[in-house]
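# Residue-level structural notes
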Amino acid sequence: MAVVGDKLRAERERQNLTIKDIEKGTSIRSLYIENIETGKYDQLPGEVYTKGFIRNYANFLQLDATALLHEYMEENHPDIAAQDSALGTPTHVAPAEKPERAAVHFDATPMTSDLRQRVDHSHHRQNALVLVVLLAIIVIAGGVFFFFESASPDADQMRQVSQRTEQSKQTSPSQSSASQDKNRVAAKKEEPEKKAPDGVEVTAKFTDRCWTEAKVDGKTVFEGMAEKGKTMNWKGTQHVVVTAGNAGAVQFTVNGKDMGKAGGMGEVVEKTFSADND
């Protein structure tokens, strides 16, 4: 018996709304809405998306999304729900604010074959760009080598310089050695100490609404809708994994290094960050 699905369907019918109305207001496909209402969760794209669909559907109907997600966990994952209750922690982390119906922009597009094709195409373009950059570096290096080769002095000039250098070494070897020692000491003092990063720290800046899930060292610390202009920070000892439902709306900084946007607008991506591969 699909308790959560029955409640959502009953409230939809009470408000005289059709499944198409819900699809239009939430961007969730009609097929997924029908599967939620009938309890066919195995027909949905995954656990993360299932909970996101339920939350978005409940918010659109102005129901208590957190309570419905708790019932969903008790209905389909009783062991996890029991452990969370025993520990006194909520089943769902960081519930999102209840949005107005006109402001719902949740991107419910799953990771379909079309999306995978777009991701593969993006990878091909990136590989092509890397190849072009390498070719440009080779051309520039060749030009620099040719320039210095053509500008190098002739053999007579080189012999004169060599003779002067030998004379200078013979006249003041102790001064030259002392000067070199001073230069080595000064260079060692000027070299900054490289400090290894202590774990991994990820900062996410959102330029638009984006459904987001963050896991720190295997533990979910945030799951919900991040609003435009919001900045979030997560720090872990081993790794931080972030799933974004609208990759073009989030920009990451890892251990102080700007990583740029996670992807394109409307893309669903998962990013894994660690201290040794940031």
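Residues numbered from 1 in each chain as written. Predicted model: local features only at pLDDT ≥ 70, side-chain atom pairs only at ≥ 80, totals over all residues. Heavy atoms only, no water.

## So, the overall build of the protein chain
Along the backbone of the protein chain there are nine helices and eight strands. The 278 residues of the protein chain split such that 33% are buried. Across the protein chain, the fraction of contacts at a sequence separation of at least 24, relative to all contacts at a separation of at least 6, is 60%. For the protein chain, the exposed area adds up to about 17700 Å²; of that, 53% sits on carbon and sulfur atoms. (Helix = DSSP H or I, 4+ residues; strand = E, 2+ residues; numbered from the N terminus. Buried < 20%, exposed > 50% of the residue type's maximum accessible area, 1.4 Å probe, protein only. Contact = heavy atoms within 4.5 Å. Areas by Shrake-Rupley, 256 points an atom, 1.4 Å probe, with all protein chains shown as cover.)

## Thoughts on the pattern of salt bridges
Under the definition given, this model contains eight salt bridges. For Glu71, the salt bridge identified is with Lys7, shortest N-O distance 2.7 Å. Separated by 64 residues along the polypeptide, Glu71 in helix α5 (residues 65-76) and Lys7 in helix α1 (residues 3-14) bring together distant segments of the chain. The partly exposed category is assigned to Lys7, whose relative accessible area is 38%. Of the charged contacts in the structure, one is a salt bridge between Lys20 and Glu23, with a shortest N-O distance of 3.4 Å. Taken as a pair, Lys20 and Glu23 lie in helix α2 (residues 19-26) at a separation of three residues, close to a single helical turn. The exposure class assigned to Lys20 is exposed, which follows from its relative accessible area of 55%. Of the residues examined, Glu23 reaches a relative accessible area of 24% and is grouped as partly exposed. Residues participating in the shared-partner salt-bridge network are Asp6, Arg9 and Glu13. (Salt bridge = Lys/Arg side-chain N within 4 Å of Asp/Glu carboxyl O.)

## Quick word on the sheet that holds strand β8 (residues 269-274)
Reading across from one edge, β3-β2-β5-β8 is the order of the four strands in this open sheet, with antiparallel pairing throughout. Across the chains shown, the open sheet's two edge strands, defined by having one partner strand only, are β3 (219-226) and β8. Sheet twist, expressed as the mean angle between neighbouring strand axes with direction ignored, is 15°. Where strand β5 (residues 239-244) and β8 come together, six bridges link them in antiparallel fashion. Bridging across to β8, Val242 finds its partner in Lys271. (Pairing = 2+ DSSP bridges. Axes fitted to C-alpha atoms, helices over the stretch in contact; angles between N-to-C directions.)

## A closer look at unusual backbone geometry
A positive phi angle, close to 65°, is found at Ser27, a residue other than glycine. Note on placement: Ser27 falls in the loop between α2 and α3 (30-37). Phi angles above zero are rare outside glycine, and Asp217 is one such case at about 55°. Tracing the chain through its elements places Asp217 in the loop between β2 (210-216) and β3. Owing to a relative accessible area of 31%, Asp217 belongs among the partly exposed residues under this scheme.

## Thoughts on α5
With 12 residues, α5 extends 16 Å between its outermost C-alpha atoms, agreeing within 8% with the 16 Å of an ideal straight helix rising 1.5 Å per residue. Of the positions making up α5, those classed as buried are Ala65, Leu68, Leu69, Tyr72 and Met73. Buried residues of α5 fall within an arc of 140° about the axis and therefore sit on the same side. Between the side-chain oxygen of the N-cap and the backbone nitrogen of Thr66 there are 3.2 Å, and the N-cap of α5 in question is Asp64. (Expected span 1.5 Å × (residues − 1). Arc of directions from axis to C-beta. Polar contact = N/O pair within 3.5 Å; in protein donor to acceptor, adjacent residues only side chain to side chain.)

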